[in-house]
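Observations on the three-dimensional arrangement
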Amino acid sequence: MSFSRIIDRRPRAGRWMSLVAALVLAAFAHAGARAATFQPLEIVTKSGVQVFSVEMAATEQEKETGLMYRKELADGKGMLFDFTPEQEVSMWMKNTYVSLDMIFIRSDGTILRIAENTEPLSTRIIPSRGLAKGVLEVVAGTAKKYGIEPGDRVGHPLFKSH
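Residues numbered from 1 in each chain as written. Predicted model: local features only at pLDDT ≥ 70, side-chain atom pairs only at ≥ 80, totals over all residues. Heavy atoms only, no water.

1. Quick word on the pattern of salt bridges
According to the stated counting rule, one finds four salt bridges in the structure shown. For the salt bridge of glutamate 149 with lysine 46, the shortest nitrogen-to-oxygen distance reads 2.9 Å. A residue pair is termed long-range when its members are at least 10 positions apart, and glutamate 149 in the loop between α3 (142-146) and β7 (153-155) and lysine 46 in the loop between β1 (38-45) and β2 (48-57) qualify at 103 residues. (Salt bridge = Lys/Arg side-chain N within 4 Å of Asp/Glu carboxyl O. Helix = DSSP H or I, 4+ residues; strand = E, 2+ residues; numbered from the N terminus.)

Here it is as structure tokens:
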């Protein structure tokens, strides 16, 4: 029986740099692969109550990343961005592959505005056009499908209830 041995002829420093690079990449991959926790969110429309399961984007890093790099978003799922305190909000679709409906929500839970069918990978600014405390991103066509309109009410702990 014969065994062959692979000899790494790179200088020792090169091998160490490769190892360090691999460890850094593994750390980033692990950080990006964190398990998402979902929370229920309800929208009361004229046709009834629609329930969604949403991921929260509360930290600056979560808000900057949002739904970037995802290739799909299931119906009934979404991401809720916390912009406490209520403020003018601007969003974009940079590095976002899935067309979305962006639902801008006031601090009292009423829907301020809906930007429907946003353009994937676009750097065009999508403004709230008023003060918003949260932005709900759902797959494009959701607002139309469920009859969600400005003035409808959103139920979630982020918003004050009346």
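2. Points about the packing of aromatic side chains
Under the definition given, this model contains two aromatic pairs. Note on phenylalanine 52 and tyrosine 146: the rings are 6.1 Å apart at their centroids and 90 degrees apart in plane angle, and the pair reads as edge-to-face. Here phenylalanine 52, found in strand β2, pairs with tyrosine 146, found in helix α3; they are 94 residues apart in sequence, far enough to count as distant. Judged by centre distance (6.2 Å) and plane angle (10 degrees), the rings of phenylalanine 81 and phenylalanine 83 are stacked. Lying across the ring of phenylalanine 38, lysine 77 places its NZ or CZ 4.5 Å from the centre. (Phe/Tyr/Trp six-rings, centres within 6.5 Å; stacked < 30°, edge-to-face > 60°. Lys NZ or Arg CZ within 6 Å of the ring centre and 35° of its normal.)

3. Comments concerning the layout of surface pockets
In this model, the second largest pocket occupies a volume close to 220 Å³. What lines the second largest pocket is a set of 18 residues, among which Lys63, Glu64, Phe81, Met91 and Trp92 lie closest to the centre. Taken together, the elements giving at least two residues each to the lining of the second largest pocket come down to α2 (60-65), β3 (77-91) and β4 (100-105). Partitioned by chemical class, the residues of the lining of the second largest pocket number nine nonpolar, four polar and five charged. (1 Å grid on protein atoms, 1.4 Å probe; cavity = no way out; pocket = protein on both sides within 12 Å on 5 of 7 lines; lining within 4 Å. Points joined across faces, edges and corners; volume = space filled by probe spheres on them. Nonpolar A, V, L, I, M, F, W, Y, C, P; charged D, E, K, R; others polar.)

4. Here we look at unusual backbone geometry
Of the consecutive residues threonine 84 and proline 85, the connecting peptide bond is found in the cis state with omega at -5 degrees. Within the secondary structure layout, proline 85 lies in strand β3. Even without a glycine there, the phi angle at asparagine 117 is positive, about 50 degrees. With respect to the helices and strands, the residue asparagine 117 is situated in the loop between β5 (111-115) and β6 (126-139). Of note in this structure, arginine 129 is not a glycine but carries a positive phi near 60 degrees. Within the secondary structure, arginine 129 sits in strand β6. Among the residues examined, arginine 129 registers a relative accessible area of 60% and is labelled exposed. (Buried < 20%, exposed > 50% of the residue type's maximum accessible area, 1.4 Å probe, protein only.)

5. Considering the pairing of β1
Here β1 pairs with β2 via eight bridges, running antiparallel. Bridging from a neighbouring strand, glutamine 39 pairs with valine 54 of β2. Connecting the antiparallel pair β1 and β2 is a turn made up of two residues. When β1 meets β7, the two strands line up antiparallel, connected through three bridges. Across the sheet, valine 44 pairs through a bridge with arginine 153, a residue of β7. (Pairing = 2+ DSSP bridges.)

6. Considerations on the side chain of serine 107
Here serine 107 lies in the loop between β4 and β5. Judged by its relative accessible area of 14%, serine 107 falls in the buried class. The contact partners of serine 107, leaving out residues within four places of it in the chain, are Glu86, Lys133, Phe159 and Lys160. (Contact = heavy atoms within 4.5 Å.)

From the geometry alone we can't say anything about function, so treat these as descriptive.
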